[in-house]
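# Analysis of the macromolecular model
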Amino acid sequence: MKRYRWIAGIFLCTQFLSAQSQPDPAVRIRELDLQLIALGEQPREIAIDRARNAIRLRLAAFAELAGRDPAGALALLLPEENLAPLRTLGAAIASGLESEGEWSGPVEVVAEDDFVHGASRIHLSMQAGGERLQVYSTDPANLRTGDTIVAAGVRMGRMLLIRRLSAVARADAAASGCTSTGVQHLAILMVNFASSSIDTSVTNSASLGAIVNGGSHNLNGYWNEASYGLTSAAADVYGPFNLGADYTGSDYDQLETDTLNAAAGTVNFPNYTHIVIVMPDGFPVDGGYGTIGCASFTSPTTFTAGVVWVRADFMIPNDVGVCALAHEDGHNMGLKHASTESYGSVPLGSFDTVPVHTEYGSHFSLMSKCFTYNVTTILGHYDAQHKVALGWWLPSNYQTVSANGSFVLAPTETNTSNLHAIRVQRGLGNNFWLWIEYRQNSGYDSTFSAFDSQIYSGAMIHFEDSTNTTYVGYTRLLNYTAPAKRSEEHTS
């Protein structure tokens, strides 16, 4: 049985309520705040142990809430009059309580991909004062890994709740050796957790290596074709390494650190530009993670690389693995998602119409989710805007258009210096654009034919709204067959 006692009119339980019994983190925070306020009025010898446990649970609840609603987390902070008595209980307890400040340092930006539920979120962490701190902000400021930021707000444990964030120095990917052209060297590291292991009968060194450079489809072939020979891939597979711990989705940074430490004696990391951590199937994220840009590490020699975390079951069969790596390593090279915008029964609404955004809505680029139709995994080229961002197109391959004219486009798959796409201004006196390109039944884009061959019969049109900072770096496909063929049909 649970044992209870009354303290200062607050009903305290020696076994604090778990997240499972109270799923709403805001409710948990409020209840734990009441307990802490009461403990702040108690003798030190009574309060210390209970306060330590309550703060541990409170930090977990704040991290959960801040991950989806940073502003809501900031609204639940305790006032100074309640914090002051708790700080007298010792440094270990005070460090878990909120304190205002400003921090600066390099940031790591990680895209979390939940392909099963069609959801994505951005995780931020920063190095400050020799520590790695988790950053929660309502405005990620269109950051890339390696940017130096200044963050003002509230610290609780290793968590920063940000009121104001700015980038003071942008990472120079070319100077760091982290580029989107040339040979991309992947170190694929298989890891086992304390309670789960990779099923090596389906995901092993041979099959993982084939995803990069073997079989009829592979990452090297995809990048080489999509980049017109500018980018290729090579990989070495290591492990599995036994990490001896279990991890939650919010522990991705600790998983990264533990993996690099475990592999340091085996892998010469400066030889690689991408670190791919292949995890057991049970890792509690339905897909993977990828840094947006590259980070600097020391293991023990300093090196710069993008990092990918992916579940082993998202690496099989082979073509799904090709998609998973092209997507997450695409994040490493700076790309955001291939999405769709729906205006209902019309392809494009008026300027003040807010469309329905679908994060992974476009199945015609591997920066969408990995989509298999019947038995064929769709392996489409990255979209025009992304090819421009990667430096895969010459200036002659695309043109900005703000006046009437006639233009002849070469199909995306063709290796030519001719025009591939036009960026057409939507009317005059605004910053809205339509990107127009077209695809043919060739190479990796031939996988579309198993799903929707209509894509070969006309243009692909993507919308660019430069005033909308939420979707900077995205491609946003419009449905120009509406209402005859509604965009809702293009879902997995």
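One can find the structure itself at the top, above this paragraph.
Residues numbered from 1 in each chain as written. Predicted model: local features only at pLDDT ≥ 70, side-chain atom pairs only at ≥ 80, totals over all residues. Heavy atoms only, no water.

### Observations regarding the overall build of the protein chain
- The number of helices and strands found in the protein chain is 11 helices and 22 strands.
- Projected onto the principal axes, the alpha-carbon positions of the protein chain cover approximately 80 × 55 × 45 Å.
- Considering only residue pairs separated by 6 or more positions, the protein chain has 67% of its internal contacts joining residues 24 or more positions apart.
- For the protein chain, the exposed surface amounts to about 20800 Å²; the carbon and sulfur share of it is 51%. (Helix = DSSP H or I, 4+ residues; strand = E, 2+ residues; numbered from the N terminus. Contact = heavy atoms within 4.5 Å. Areas by Shrake-Rupley, 256 points an atom, 1.4 Å probe, with all protein chains shown as cover.)

### Examining the packing of helix α1 (residues 25-39) against helix α2 (residues 44-68)
- The geometry of α1 relative to α2 is characterised by a closest axis approach of 9 Å and an angle of 155° between their N-to-C directions. Relative to α2, the element α1 lies roughly antiparallel. α2 is crossed by α1, and the crossing has left-handed handedness. Of α2, the residues touching α1 (which contributes P25, A26, R28, I29, L32, D33, L36 and L39) are A47, R50, A51, A54, I55, L57, R58, A61, F62, E64, L65 and R68.
- When the residues that make up the contact of α1 with α2 are grouped by side-chain class, the tally is 14 nonpolar, no polar and six charged. (Axes fitted to C-alpha atoms, helices over the stretch in contact; angles between N-to-C directions. Parallel < 35°, antiparallel > 145°, perpendicular 65-115°, else oblique. Left-handed = near helix turned anticlockwise from the far one by under 90°. Nonpolar A, V, L, I, M, F, W, Y, C, P; charged D, E, K, R; others polar.)

### What to know about the packing of aromatic side chains
- Summed over the entire model, instances satisfying the criterion amount to 25 aromatic pairs.
- When the centroid spacing of 5.8 Å and the interplanar angle of 70° are considered together, the rings of Y289 and W309 count as edge-to-face. Residue Y289 is found in strand β11 (residues 287-291), and its partner W309 is found in strand β13 (residues 302-311); the two are separated by 20 residues along the sequence. Grouping residues by exposure puts Y289 and W309 together as buried.
- When the centroid spacing of 5.0 Å and the interplanar angle of 75° are considered together, the rings of F371 and F451 count as edge-to-face. Pair noted here: F371 is in the loop between β15 (356-358) and β16 (372-373) and F451 is in the loop between β20 (432-438) and β21 (459-465), with a separation of 80 residues, a long-range link.
- According to the relative accessible area criterion, F371 is buried, its value standing at 5%.
- Take F451: its relative accessible area is 16%, and that puts it in the buried class.
- Looking at R423, its charged tip hangs above the ring of W433, at a distance of 4.0 Å from the centre. (Phe/Tyr/Trp six-rings, centres within 6.5 Å; stacked < 30°, edge-to-face > 60°. Buried < 20%, exposed > 50% of the residue type's maximum accessible area, 1.4 Å probe, protein only. Lys NZ or Arg CZ within 6 Å of the ring centre and 35° of its normal.)

### A closer look at the state of the cysteines
- Within this structure, the stated rule accounts for two disulfides.
- What pairs with C178 in a disulfide is C294, and their sulfur atoms sit 1.7 Å apart. Note that C178 is positioned in the loop between α6 (173-176) and β8 (182-192) and C294 in the loop between β11 and β12 (295-298), a separation of 116 residues in sequence. The same class applies to C178 as to C294, namely buried.
- Between the sulfur atoms of C323 and its disulfide partner C370 the distance amounts to 2.3 Å. (Disulfide = S-S within 2.5 Å.)

### Some remarks on helix α7 (residues 205-213)
- All buried positions along α7 are accounted for by L208, I211 and V212. For α7, the arc enclosing every buried residue in end-on projection is 95°, short of the 170-degree limit, so these residues lie on one face.
- On its buried side, α7 packs onto β8, α8 (219-226), β9 (231-242), β10 (274-279) and α10 (318-332).
- Here α7 starts with a cap whose side-chain oxygen sits 3.1 Å from the backbone nitrogen of A206, and that cap is N204.
- Within two residues after α7, G215 carries a phi angle of roughly 75°, on the positive side. (Arc of directions from axis to C-beta. Polar contact = N/O pair within 3.5 Å; in protein donor to acceptor, adjacent residues only side chain to side chain.)

### Focus: the nonpolar core
- L186, W223, V276, V278, V310, L325 and Y382 are the most contacted members of the largest nonpolar core, which has 36 residues in total.
- Those elements that place two or more of their residues in this core are β8, α7, α8, β10, β13 and α10.
- For this core, the element with the highest residue contribution is α10, accounting for five residues.
- Those residues in contact with L186 that sit more than four places away from it in its chain are V212, L219, W223, A234, A235, D236, Y272, H274, V276, L325 and D329.
- Listed in part, the 28 residues of the second largest apolar core include A187, L243, Y247 and M279. (Core = buried A, V, L, I, M, F, W, Y, C linked by side-chain atoms within 4.5 Å.)

### Structural notes on unusual backbone geometry
- A cis amide bond links G239 to the next residue, P240, at an omega of 10°.
- Considering the arrangement of structural elements, one finds P240 in strand β9.
- Following I316, the chain continues into P317 via a peptide bond in cis, with omega recorded as -10°.
- Counting through the fold element by element, P317 comes out in the loop between β13 and α10.
- Backbone geometry places Y228, a non-glycine residue, at a positive phi of 60°.
- Positionally, Y228 belongs in the loop between α8 and β9.
- One non-glycine residue, N374, lies in the positive phi region at around 55°.
- Here N374 lies in the loop between β16 and β17 (376-377).
- With a relative accessible area of 67%, N374 lands in the exposed category.

### Some thoughts on the side chain of K336
- Along the chain, the position of K336 falls in the loop between α10 and β14 (338-342).
- Buried charge without a salt bridge: K336, with E359 as the nearest opposite-charge side chain at an N-O distance of 8.8 Å.
- A polar atom in the side chain of K336 sits 3.3 Å from the side chain of N142.
- The residues contacting K336, other than those within four sequence positions of it, are N142, I292, H331, M367, H386, V472, G473 and Y474. (Lys, Arg positive; Asp, Glu negative; His and termini not counted. Salt bridge = Lys/Arg side-chain N within 4 Å of Asp/Glu carboxyl O.)

### Observations concerning the pattern of salt bridges
- Under the criterion given, the structure shown has 21 salt bridges.
- In this structure, E102 and R164 form a salt bridge, with 3.3 Å as the shortest nitrogen-oxygen distance. Of this pair, E102 sits in strand β3 (residues 99-114) while R164 is found in strand β7 (residues 159-169), placing the two residues 62 residues apart along the sequence.
- The class for R164 is exposed, based on a relative accessible area of 52%.

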